[in-house]
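For reference, the chains in residue letters:
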Amino acid sequence: MTTSTAPRKTTRKSGKPAAAENQLTATDPETLVRLYRDMLFVRRFEERTAQAYQQAKIGGYCHLNLGEEATVVGLGAAMRPTDYLFTNYREHGYALAKGIEPGRVMAELYGRATGTSKGWGGSMHMYDTATRLLGGYAIVGGQVPLAIGAALAVDYRGGDDVVVCQMGEGTTNIGAFHESLNIAALWRLPIVFLVINNQTGMGTTVERSSAEPDLWKRAAAYRMRGERVDGTDVLAVRDMASELIETARREGKPALLEAVSYRLKGHSVVDPAKYRSSDMVSTARSHDPIEIWHAKLLDAGVLTAESAADIEREVAESVAAAVEFADSSPHPEPSSLFDYNYATPVPGDSHRLPADPLFA
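Computed from a predicted model, the values in this text were never measured in an experiment.

A. The UniProt feature "domain: Dehydrogenase E1 component" (unreviewed entry) in the protein chain, seen in detail. Under the local residue numbering, the UniProt record ascribes the feature "domain: Dehydrogenase E1 component" (unreviewed entry) to residues 38-334. Secondary structure content for residues 38-334 is 45% helix and 12% strand, while the C-alpha to C-alpha distance between its ends is 36 Å.

Now the structure itself:
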């Protein structure tokens, strides 16, 4: 496929640019630099993940957040630590943004016992109750009904937490997406649906897979607020996500947020992305959120070449420490394979390994 998709104008429903009110001068320099550091950390962490995959230290499937760092970090900045997050299989950056220790995230990628899912989940199944990251889900849309259940539980208990359900653009075409939005609107559940539109669902452009490619408009079918934001602008994502999350928290009004960004690599680590034309690749690179943010901070005098180099070194050291932790962590014991089949013991539950005899 060689069709080139022109970048969309990422506007709010009012027609105003989504980032118009997000001037650098409205945010303190320390926060601006921290956002840059966090985005850079996700980038370097994911680049090291790709390297480890090529070294056969990471098995299974592996999907990276390269090009989506502004959305990842902006969302993390908008959420309270007690808010719940459900994601799809492209979740390493979200795990970091939610506050999970980088060593534990890398250890899970390595399949080690110190990982977030004790080494049994791997890349697509990050989970951490303490930070309320309630999954990475490998099945497209598998997280959406579960997020609705969590939002119903919050509402039932009378809490003020909010559930954020992240998904790719392909999820908006499955039945569970529409069923879940319908229930969320009917029951006024405290949930925000975040659609990451990196403009290419696996190998197909949104225009070729969705009759309505403006995905934020799908909220209108359920009388729900829908917004689109520039997913390469970390402040725009943070501010719009904050607005929708706080509205859901105060008023129990769900919302749909579409963040438009550009996937810098293929669908997964092993995807060469040959379905992209040279123009599409060039467009994606020109919208690199970290390069754009770096340039903005330099122009504003918030960042200098020296301070940027210091951040780069600090990030590199932190990523190296996470890799060292993962490398030195033990593999899960085979005897622990069945530990979490059931929440409580079940009579007749078999723990037989493949090499064990059928009958003792």
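B. Fine view of the nonpolar core. Counting 62 residues, the largest nonpolar core has Phe45, Leu75, Ile245 and Trp293 as its most contacted members. The element contributing the most residues to this core is helix α1 (residues 29-54), with 11 residues. Not counting residues up to four positions away in its chain, the partners in contact with leucine 75 are Leu85, Tyr94, Val164, Leu194, Val237, Ala241 and Ile245. The next biggest cluster of nonpolar side chains, apart from the first, holds 25 residues, and it includes Ile148, Val154, Ala184 and Leu215.

C. Summary view of the sheet that holds strand β2 (residues 133-136). Across the sheet, which stays open at both edges, the 6 strands sit in the order β2-β1-β3-β4-β8-β7 with parallel pairing between neighbours. Edge strands, defined here as strands with exactly one partner in the open sheet, are β2 and β7 (225-230). Across the sheet, the mean angle from the axis of one strand to that of its neighbour is 15°, orientation sign disregarded. For β7 and strand β8 (residues 255-260), the ladder comprises 6 bridges, and the chain directions are parallel. In the sheet register, arginine 225 faces β8, and the bridge partner there is alanine 255. Strand contacts of helix α5 (residues 143-157): β1 (84-87), β3 (163-168) and β4 (191-197), with the helix running at about 170° to β3, the strand carrying the most contacts.

D. Focus on helix α6 (residues 175-186). Its 12 residues place the ends of α6 17 Å apart at the C-alpha level, agreeing with the 16 Å of an ideal helix rising 1.5 Å per residue. Burial in α6 covers these residues: Ala176, Phe177, Ser180, Leu181 and Ala184. Axial view of α6: buried residues confined to an arc of 130°, hence all on one face. In α6, the exposed positions that point more than 90 degrees away from the buried face belong to Glu179 and Leu186. Positioned one or two residues after α6, arginine 188 has a phi angle of 50°, which is positive.

E. Focus on the environment of threonine 31. Here threonine 31 lies in helix α1. Since its relative accessible area comes to 12%, threonine 31 is described here as buried. Note: C-alpha distance between threonine 31 and proline 272 (241 residues apart in sequence) is 36 Å.

F. How the structure looks around the packing of α5 against α6. In the contact formed by α5 and α6, the axes pass within 8 Å of each other and the chain directions differ by 15°. Considering the angle they form, α5 stands roughly parallel to α6. Both α5 and α6 take part in a crossing whose hand is left-handed. Contacts between α5 and α6 involve Val144, Pro145 and Ile148 on the former and, on the latter, Ala176, Phe177, Ser180, Ile183 and Ala184. Partitioning the contact of α5 with α6 into residue classes produces 7 nonpolar, 1 polar and no charged.

G. Highlighting a nonpolar patch on the surface. Taken together, the side chains of Leu152, Leu186 and Trp187 define a hydrophobic patch exposed on the protein surface, amounting to about 330 Å² of accessible area. Mapped onto the secondary structure, leucine 152 falls in helix α5. A relative accessible area of 36% places leucine 152 in the partly exposed class.

Rules behind the numbers
Residue indices follow the written sequence of each chain, beginning from 1 at its first position. Given that the model is predicted, a residue must reach a pLDDT of at least 70 before its local features are reported, and side-chain atom pairs must reach 80 or more before they are shown or counted; all residues, however, enter totals for whole chains, interfaces and linings. With hydrogens and water stripped out, all remaining heavy atoms of the structure feed into the side-chain values. UniProt positions are given in the numbering used here, feature names are shortened, and annotations may be inferred rather than shown by experiment. In this text, helices come from DSSP runs of H or I with a minimum length of four residues, and strands from runs of E with a minimum of two, each type numbered from the N-terminal end. Grouping buried Ala, Val, Leu, Ile, Met, Phe, Trp, Tyr and Cys residues that are joined through side-chain atoms within 4.5 Å yields what is termed a nonpolar core. For every residue, the accessible area obtained with a 1.4 Å probe (protein chains only) is divided by the maximum for its type, and the residue is called buried under 20%, exposed over 50%, and partly exposed between those limits. Two residues form a contact once any of their heavy atoms are found within 4.5 Å. Pairs of strands are assigned from DSSP output, requiring at least two bridges between the strands. Axis lines are fitted through C-alpha atoms, for helices just across the contact stretch, and the angle between N-to-C directions can take any value from 0 to 180 degrees. Here the expected length of a helix is defined as 1.5 Å per residue gap, with one fewer gap than residues. Comment: arc refers to directions from the helix axis out to C-beta atoms. In what follows, roughly perpendicular refers to angles from 65 to 115 degrees, roughly parallel to angles under 35, roughly antiparallel to angles over 145, and oblique to any angle outside these ranges. Crossing handedness follows the turn of the near helix against the far one: under a right angle anticlockwise gives a left-handed crossing, and clockwise gives a right-handed one. In the scheme used here, Gly and all other residues not listed as nonpolar or charged are polar, with Ala, Val, Leu, Ile, Met, Phe, Trp, Tyr, Cys and Pro taken as nonpolar and Asp, Glu, Lys and Arg as charged. Residues enter patches when their relative accessible area tops 30% and they take part in no salt bridge; the joining distance is 9 Å for like charges and 5 Å for the nonpolar side chains Val, Leu, Ile, Met, Phe, Trp and Tyr. We get accessible surface area from the Shrake-Rupley algorithm with a probe of 1.4 Å; when it comes to residues, only the shown protein chains can shield them. The salt bridge criterion pairs a side-chain nitrogen of Lys or Arg with a carboxyl oxygen of Asp or Glu, the two atoms within 4 Å.

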